[in-house]
Amino acid sequence: MSVRDGSPRGDRPRVVVIVQNLPVPFDRRVWLECQSLVRHGYDVTVVCPKGEGTGASQVVDGVRILGYPAYAPGGGALGYVLEYAWSFLATARLVQVARRDGAFDVVQACNPPDIFWPLARLLRGRDGTRFVFDHHDLCPELYLSRFEGNRGAPYRGLLFLERQTFRTADRVTSTNESYAAIAMSRGGKSPDDVTVVRTGPDPDRLRRREPVASLRRGRPHLVAYLGVMGPQDGVDLALAAADVVVNRMGRNDIAFTFMGSGDSHAELVRRRDELGLTDVVDLPGRVPDEFVAEVLSTADVGLSPDPLNPLNDVSTMNKTMEYMAFGLPVVAFDLAETRVSAADAAVYVRPNEVLDFARAVVDLVDDPGRRAEMGRRGRQRVEQHLAWQHQQRGYLRVFDELVGRSGDDARDASPTSLVDAEA
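Residues numbered from 1 in each chain as written. Predicted model: local features only at pLDDT ≥ 70, side-chain atom pairs only at ≥ 80, totals over all residues. Heavy atoms only, no water.

## Focus on the packing of helix α2 (residues 77–99) against helix α3 (residues 117–127)
- Put simply, α2 and α3 touch, their axes get as near as 11 Å, and they point 25 degrees apart. One element, α2, and the other, α3, form an angle in the roughly parallel class. Helix-helix and strand crossings are classified by hand; for α2 and α3 the assignment is right-handed. Contacts between α2 and α3 involve Phe 88, Thr 91, Ala 92, Val 95, Gln 96 and Arg 99 from the former and Pro 118, Leu 119, Leu 122, Leu 123, Arg 126 and Asp 127 from the latter. (Axes fitted to C-alpha atoms, helices over the stretch in contact; angles between N-to-C directions. Helix = DSSP H or I, 4+ residues; strand = E, 2+ residues; numbered from the N terminus. Parallel < 35°, antiparallel > 145°, perpendicular 65-115°, else oblique. Left-handed = near helix turned anticlockwise from the far one by under 90°. Contact = heavy atoms within 4.5 Å.)

## Some details on the sheet that holds strand β9 (residues 221–226)
- Pairing within the open sheet is parallel, and its 6 strands lie in the order β11-β10-β9-β12-β13-β14. Edge positions in the sheet fall to β11 (281–285) and β14 (346–349), since each of these pairs with one other strand and no more. The sheet shows a mean angle of 20 degrees between the axes of neighbouring strands, direction not considered.
- Pairing analysis gives 4 bridges linking strand β13 (residues 330–333) to β14, with the strands arranged parallel. Paired with Val 330 across the strands is Ala 346, a residue of β14. (Pairing = 2+ DSSP bridges.)

## With respect to helix α10 (residues 318–325)
- Counting buried residues in α10 gives 7 out of 8 residues, a clear majority hidden from the surface.
- Residues Lys 319, Thr 320, Met 321, Glu 322, Tyr 323, Met 324 and Ala 325 constitute the buried set of α10. (Buried < 20%, exposed > 50% of the residue type's maximum accessible area, 1.4 Å probe, protein only.)

## Regarding a nonpolar patch on the surface
- There is a patch of nonpolar side chains on the surface, built from Tyr 71, Leu 78, Val 81, Leu 82 and Trp 86 and spanning about 490 Å² of accessible area.
- Relative to the helices and strands, Trp 86 is located in helix α2. (Patch = residues over 30% accessible without salt bridge, like charges linked within 9 Å, V, L, I, M, F, W, Y side chains within 5 Å. Areas by Shrake-Rupley, 256 points an atom, 1.4 Å probe, with all protein chains shown as cover. Salt bridge = Lys/Arg side-chain N within 4 Å of Asp/Glu carboxyl O.)

## A word on the layout of surface pockets
- Reported here for the second largest pocket is a volume of approximately 590 Å³.
- What lines the second largest pocket is a set of 26 residues, and nearest its centre among them are Pro 25, Arg 28, Trp 31, Arg 205 and Asp 289.
- For the lining of the second largest pocket, the secondary-structure elements that each account for two or more residues are α1 (28–39) and α14 (388–403).
- Broken down by element, the residue count for the lining of the second largest pocket peaks at 5 residues, all from α1.
- Looking at the lining of the second largest pocket residue by residue, the classes come out as 11 nonpolar, 6 polar and 9 charged. (1 Å grid on protein atoms, 1.4 Å probe; cavity = no way out; pocket = protein on both sides within 12 Å on 5 of 7 lines; lining within 4 Å. Points joined across faces, edges and corners; volume = space filled by probe spheres on them. Nonpolar A, V, L, I, M, F, W, Y, C, P; charged D, E, K, R; others polar.)

## A look at the pairing of strand β3 (residues 57–60)
- Pairing of β3 with strand β4 (residues 63–68), which is carried by 4 bridges, proceeds in the antiparallel orientation. Paired with Ser 57 across the two strands is Leu 66, which belongs to β4.
- Between β3 and the antiparallel strand that follows it, β4, lie 2 residues; Asp 61 among them carries a positive phi value of about 50 degrees.

Okay, here's the thing in structure tokens:
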């Protein structure tokens, strides 16, 4: 029964999740959320851009995924406006398609961008749908980081969109305490309406396995990066550090694999070749999960080269916790939220200092005992504090409160398996 009007919609409350930044299930945080909701007895539909393995319509592990063609024309501010306008219209159409099977109890919108609040207001007015804002990024700070502190009209526009998103949201799930503080201060949300839900890795799925020696490409050691490759992600600094390690320090015993894609990938490949690092630094682009697991099981060190800027200092880096899940020690620039995540599982160097970063990598490679102890502490921290099994409790509580379910109702509605969830 519906929690709002008593009309029959099956036994499971309906949730639609909107994602623009990445396709699902590639977006790891959103996929963990969706799987938790399904296991907890919710009917879940995701609307997102198409990607590799994500088509127009499919059901994966009980989650219905509706995809639209991605459109990213580039070309600066106008390109972003066109991209987001296309995404909004395509998302609105697919949400209406999904709504034919019944109104949604909850809509969750994930940022960036902060543009889906008008759709949430429309669904609320039509069906009484509640709105959860899954607070992944700080779009105004992202703009400042990309455009060197420009606080002109685009920045003020982003603040407006963020403010409207917060005002529309019934509840906010923020990825860390820094973001939660902004939701309450800049967004005006009550502390009771903001829940910190970290993007904790799944330690059962992400764990070290037997190394694959061939991934070291004939060298004794491997250093890895996993993540997005945009202007604010610092992969250019990691590449510069690899240049220092190989061409200035003469360390030919270390191979590097940088996994991921983004706006900067093509430029990074070009720069790698200019530096004469083609045989040393592998840049395979976006890769399957199996390849990621093999690389992180073989690597000696994980890199978190995110530079200090208004966004990164208060952001939680998923890659850092994934390295920790694989028992890898981390080298990172000294950022506030990175310290919160990694604690003593990382070596912290002066922000944006490439030489310091390179030296820290080499020092760890040359100290297997220290690497093993840091890796052990990181894995323990994931298992005991950061793992999704701990984080999902607060996330699920938000939805249960919005739809009026008690703990007993949730347990009774939860399927015993994903097969049951799809039945």
